[in-house]
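One letter stands for each residue in the lines below.
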Amino acid sequence: MHLLVTNDDGVNAPGLLALTQALRSVGRVTVMAPDKNWSASGHVKTMHKPLRVRETRLAYGSPAFASDGAPSDCVALALLGFIPEPIDIVVAGINPYANIGHDVTYSGTVTAAMEAAICKVPGIAVSVDGGENGGKVRGAGDEAAAYSAAAEWAARIAAEVGKRGLPPYTILNVNVPALPVEKIKGVQVTRQGLRVYRDELVRRLDPRGVPYYWIGGEAPT
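These remarks concern the structure in this document. (Residues numbered from 1 in each chain as written. Predicted model: local features only at pLDDT ≥ 70, side-chain atom pairs only at ≥ 80, totals over all residues. Heavy atoms only, no water.)

**Regarding the overall build of the chain**
Part 1: On a plain count of helices and strands, the chain comes out with 5 helices and 9 strands.
Part 2: Scaling as 2.2 N^0.38, a compact globule of 221 residues should have a C-alpha radius of gyration of about 17 Å, and the chain matches this with 18 Å.
Part 3: By its C-alpha atoms, the chain is 55 × 45 × 35 Å across when sized along the principal axes.
Part 4: Across the 221 residues that make up the chain, the buried fraction comes to 42%.
Part 5: Within the chain, contacts between residues separated by at least 24 positions form 71% of all contacts whose residues are at least 6 apart in sequence. (Helix = DSSP H or I, 4+ residues; strand = E, 2+ residues; numbered from the N terminus. Rg over C-alpha atoms; globule rule 2.2 N^0.38 Å. Buried < 20%, exposed > 50% of the residue type's maximum accessible area, 1.4 Å probe, protein only. Contact = heavy atoms within 4.5 Å.)

**Focus on the environment of Val 31**
Part 1: Within the secondary structure layout, Val 31 lies in strand 2 (residues 28–34).
Part 2: Not counting the four nearest positions on each side in its chain, Val 31 is found in contact with Val 5, Leu 16, Thr 20, Leu 58, Ala 64 and Phe 65.

**Here's the deal with the environment of Gly 130**
Part 1: Along the chain, the position of Gly 130 falls in the loop between strand 6 (123–129) and helix 5 (140–164).
Part 2: Considered as a pair, Gly 130 and Gly 81 are 49 residues apart in the sequence and their alpha carbons are 36 Å apart.

**Here's the deal with the pairing of strand 2**
Part 1: Along strand 2, 6 of the 7 residues are buried, which leaves the element largely enclosed by surrounding structure.
Part 2: When strand 1 (residues 2–6) meets strand 2, the two strands line up parallel, connected through 4 bridges. Within strand 2, the residue paired with His 2 across the bridge is Arg 28.
Part 3: For the crossover that starts at strand 1, traverses helix 1 (residues 14–23) and ends in the parallel strand 2, the hand is right-handed.
Part 4: Of the pairings in the sheet, the one linking strand 2 to strand 4 (residues 63–67) comprises 3 bridges and is parallel in character. Counterpart to Ala 33 in the pairing with strand 4 is Ala 66. (Pairing = 2+ DSSP bridges. Right-handed = clockwise from strand over helix to strand, strands pointing away.)

**Let's talk about the sheet that holds strand 2**
Part 1: Ordered by their spatial adjacency, 7 strands build an open sheet running 3-4-2-1-5-6-7, and the pairing between neighbours is mixed. With partners counted over all chains shown, the strands left at the sheet margins are strand 3 (53–57) and strand 7 (171–177), one partner each. Strand-to-strand twist of the sheet, defined as the mean angle between neighbouring strand axes without regard to direction, takes the value 25 degrees.
Part 2: Sheet contacts for helix 1: strand 1, strand 2 and strand 5 (89–95); angle to strand 5, the most-contacted strand, approximately 140 degrees. (Axes fitted to C-alpha atoms, helices over the stretch in contact; angles between N-to-C directions.)

**Brief notes about the pattern of salt bridges**
Part 1: Taken as a whole and assessed by the stated rule, the structure comprises 5 salt bridges.
Part 2: Lys 49 serves as the salt-bridge partner of Asp 68, at 3.7 Å between the closest nitrogen and oxygen. Of the two residues, Asp 68 is situated in the loop between strand 4 and helix 2 (71–82) and Lys 49 in the loop between strand 2 and strand 3; the sequence distance between them amounts to 19 residues.
Part 3: Assessed through its relative accessible area of 44%, Lys 49 is described here as partly exposed.
Part 4: Salt bridges linked by common partners bring Glu 160, Lys 163 and Arg 164 together as one network. (Salt bridge = Lys/Arg side-chain N within 4 Å of Asp/Glu carboxyl O.)

**So, a nonpolar patch on the surface**
Part 1: A cluster of nonpolar residues, Leu 201, Tyr 213 and Ile 215, forms a patch on the protein surface that exposes about 350 Å² of accessible area.
Part 2: As for its position among the elements, Tyr 213 is in strand 9 (residues 211–216).
Part 3: Its relative accessible area of 49% is what places Tyr 213 among the partly exposed residues. (Patch = residues over 30% accessible without salt bridge, like charges linked within 9 Å, V, L, I, M, F, W, Y side chains within 5 Å. Areas by Shrake-Rupley, 256 points an atom, 1.4 Å probe, with all protein chains shown as cover.)

**Regarding the packing of aromatic side chains**
Between two aromatic rings, the relevant description is the distance of the centres plus the angle of the planes.
Part 1: A full pass over the atoms with the stated rule returns 1 aromatic pair.
Part 2: Pairing Phe 65 with Phe 82 gives two aromatic rings, centres 5.1 Å apart and planes at 90 degrees, and the pair type is edge-to-face. In this pair, Phe 65 is assigned in strand 4 and Phe 82 in helix 2, connecting sequence segments 17 residues apart.
Part 3: We classify Phe 82 as partly exposed; its relative accessible area is 36%.
Part 4: Over the ring of Trp 153 we find Arg 156; its NZ or CZ atom is 4.2 Å from the centre of that ring. (Phe/Tyr/Trp six-rings, centres within 6.5 Å; stacked < 30°, edge-to-face > 60°. Lys NZ or Arg CZ within 6 Å of the ring centre and 35° of its normal.)

**Remarks on the nonpolar core**
Part 1: Counting 35 residues, the largest nonpolar core has Leu 3, Leu 23, Val 91, Ile 94, Ile 124 and Val 126 as its most contacted members.
Part 2: Where this core is concerned, the elements lending two or more residues are strand 1, helix 1, strand 2, strand 4, strand 5, strand 6, helix 5 and strand 7.
Part 3: With 11 residues, the single largest contributor to this core is helix 5.
Part 4: Excluding its chain neighbours within four sequence positions, the residues that come into contact with Ile 124 are Ile 89, Val 90, Val 91, Ala 92, Ala 113, Ile 157, Ala 158, Val 161, Leu 172 and Val 174.
Part 5: In this structure, Cys 74, Val 75, Ile 83 and Ala 116 belong to the second largest nonpolar core, which totals 12 residues. (Core = buried A, V, L, I, M, F, W, Y, C linked by side-chain atoms within 4.5 Å.)

Next up, the structure:
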């Protein structure tokens, strides 16, 4: 089985490294990921500039490809022929935040899996749910344990998808609790819920007195 691994945090992100190492127990792994962070990029298709790809290496020396395109561009490049060998499953992650509810429309992790599904290849998006940590993995020790657990579960799920397949145009959006693997009780299939955003429009002036804006943060309730 041949698996393509990508993400939206960039080719050097720790989540991608943990995922790649775990999936080697499932099959052959090829990595093609963005050369920078594309978090909250949504489902991007680059049409107005050329895409470039360079060879690089992950932290433990394994070869990988880095593209200046978005996560969905990376998947499209690979499936359209940059990677000549057929790809059986695309796995995106591991994202350090949960991707739930409306997040799936913004998430480069999830939309990378969607790009795979559009190309009729099973797609799996994997994220860590930090829960009380504001949804994010925090702390060096906790981060390593959380990514390790999420990577192990990603490998289990990818192996099952390899055996059973997925219905056409279907993806799995997997959110793994930020816990050691022995504390995770199992898998529960759920429906997509809603996500409540409390964004605030922040207006500021640059040094020349010209206004600029940030969208985000916590708006007053």
